[in-house]
2 protein chains.
Amino acid sequence: MALGRPRAFDIDTALNRALEVFWSKGFDGASLTDLTEAMGISRPSLYAAFGNKEDLFRKALDRYKTEKMAYINEALAAPTARTLAERLLFGAATMLTDPSHPVGCLSVKGAMTCKDDSLIAREELDQLRCSFETAIIERLTRAIADGDLPPDSNPLVLQRFLGTVAMGMSLQASQGATAADLMAVARMALTAWPALR
Amino acid sequence: MALGRPRAFDIDTALNRALEVFWSKGFDGASLTDLTEAMGISRPSLYAAFGNKEDLFRKALDRYKTEKMAYINEALAAPTARTLAERLLFGAATMLTDPSHPVGCLSVKGAMTCKDDSLIAREELDQLRCSFETAIIERLTRAIADGDLPPDSNPLVLQRFLGTVAMGMSLQASQGATAADLMAVARMALTAWPALR
DNA sequence: ACACTTATGTACCGTTTGGTATGAATGTAG
DNA sequence: CTACATTCATACCAAACGGTACATAAGTGT
């Protein structure tokens, strides 16, 4: 049986290029022309290999999640709640300013730059964020049970604080803040973390 | 001398409608059709009264700055650095979730949803943010001189912390956080504020 | 009543958007 | 060498984008 003409580009590196474009321009800001030029392929090749623009974004987001948000899972595996908070904020500070890729956070940029209509990608983003949030909340409630946090702590508030600082750091990075700048913010934010005494 | 045909719409309420559209959809996300429909006027009327889309955005941003970011100036007038931080974060929490207008911050949304090319509005946004930042930094350095903050405090770090939390709260609001949610975050953030001892 | 100035409604401009039809090119299996 | 399956490049599509030309309508000053 014939297998057909082999594709002339590496589907994996092409997806990486697409990820970079979405990352720096957002979903709506990234045009098909932007994408195909960065990926080095033609429009029909893109559609044959990845579906449509939304599908491509989803696949890029998937790669982003597993490769660039790994620090969140590492934070979730921390032995104590305090270490979780440290790994989360310091990890965000380094990742958001890593010069090897666009600054800021794709999920933040993506959520802001997509029209309300006709965007299933938005659900994907909400779901991604939501899953991390609940994981952190569960980890923090377990920390209270372990005597790892004061019994009167509120896991929802603690999580929302961490999320707020992390998202804020994403915007700061987009506006030119350096890794050192964000580290200082992270250190100060950790000052607010409840002590066991 | 003839004065010409009077315009059939109130230029002030029309600008308010435009502000709401830009606020909820961003700069690129707000199409001319979106704007004219919300403003209840035709395209030529819009261009005759406001210039072009960028000019309209600038005027809407101007109104936003004077009306909706007033709490920042009130915070700058606070007697102590601590009160400044409180007014800033609590003010942001209430403003960002005020049900009488779109949630979140126009300057955050605007900065995220504009293409790099052909956007002088971006400069306007950067300049606006920058002016508030330097004002806060100057106020905080004065606070150190006044003995209002510990002498080893770093005004740049303190400002960046406040800005990070405020911007993070804007994103939280966009994702559905309530005023109470943001108030809790603000209270926790203020825990990190340096005490005089 | 007239001239003049400005606003309005319609209909249009060129460009860019996401997405495709189509035929030639390129590989493998028989 | 031939048949087949798939990708490739070109050229195109309808729709939406920001912006405008043009004729008409609606006022005011003389």
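Residues numbered from 1 in each chain as written. Chains lettered and ligands numbered in written order. Predicted model: local features only at pLDDT ≥ 70, side-chain atom pairs only at ≥ 80, totals over all residues. Heavy atoms only, no water.

Participant: Help me understand the overall build of chain A, please; the structure alone is not making it clear to me.
Facilitator: Each helix and strand in chain A was counted, giving 10 helices and zero strands. Along chain A, helices and strands appear, N-terminal first, in the series α-α-α-α-α-α-α-α-α-α. When its C-alpha atoms are laid out on the principal axes, chain A stretches across 70 × 40 × 30 Å. Counting every position in chain A, which comprises 197 residues, the buried fraction comes to 50%. (Helix = DSSP H or I, 4+ residues; strand = E, 2+ residues; numbered from the N terminus. Buried < 20%, exposed > 50% of the residue type's maximum accessible area, 1.4 Å probe, protein only.)

Participant: Is there a simple way to explain the relation of the copies chain B and chain A in this structure?
Facilitator: One copy of the chain maps onto the second through a rotation around an axis plus a translation along that axis. Between chain B and chain A, which share one sequence, the superposing operator has a rotation angle of 180 degrees and an axial displacement of 0.1 Å; the RMSD is 0.0 Å. Within this description, the copies of the chain are treated as partners about a two-fold rotation axis. Within chain B, Gly168 of chain B has its C-alpha nearest the rotation axis, a separation of 1.9 Å. (Least-squares fit on C-alpha atoms with pLDDT ≥ 70 in both.)

Participant: Looking at this model, I keep getting lost on the state of the cysteines. Mind explaining?
Facilitator: Every disulfide links exactly two cysteines, by a covalent bond between their sulfur atoms. All names here are of chain B. Taken as a whole, this structure holds zero disulfides over all chains when the rule is applied. We note that Cys130 lacks a disulfide partner, and the nearest cysteine sulfur, in Cys105, lies 15 Å from it. The exposure class of Cys130 is partly exposed, given its relative accessible area of 40%. (Disulfide = S-S within 2.5 Å.)

Structural measurements only, silent on function.
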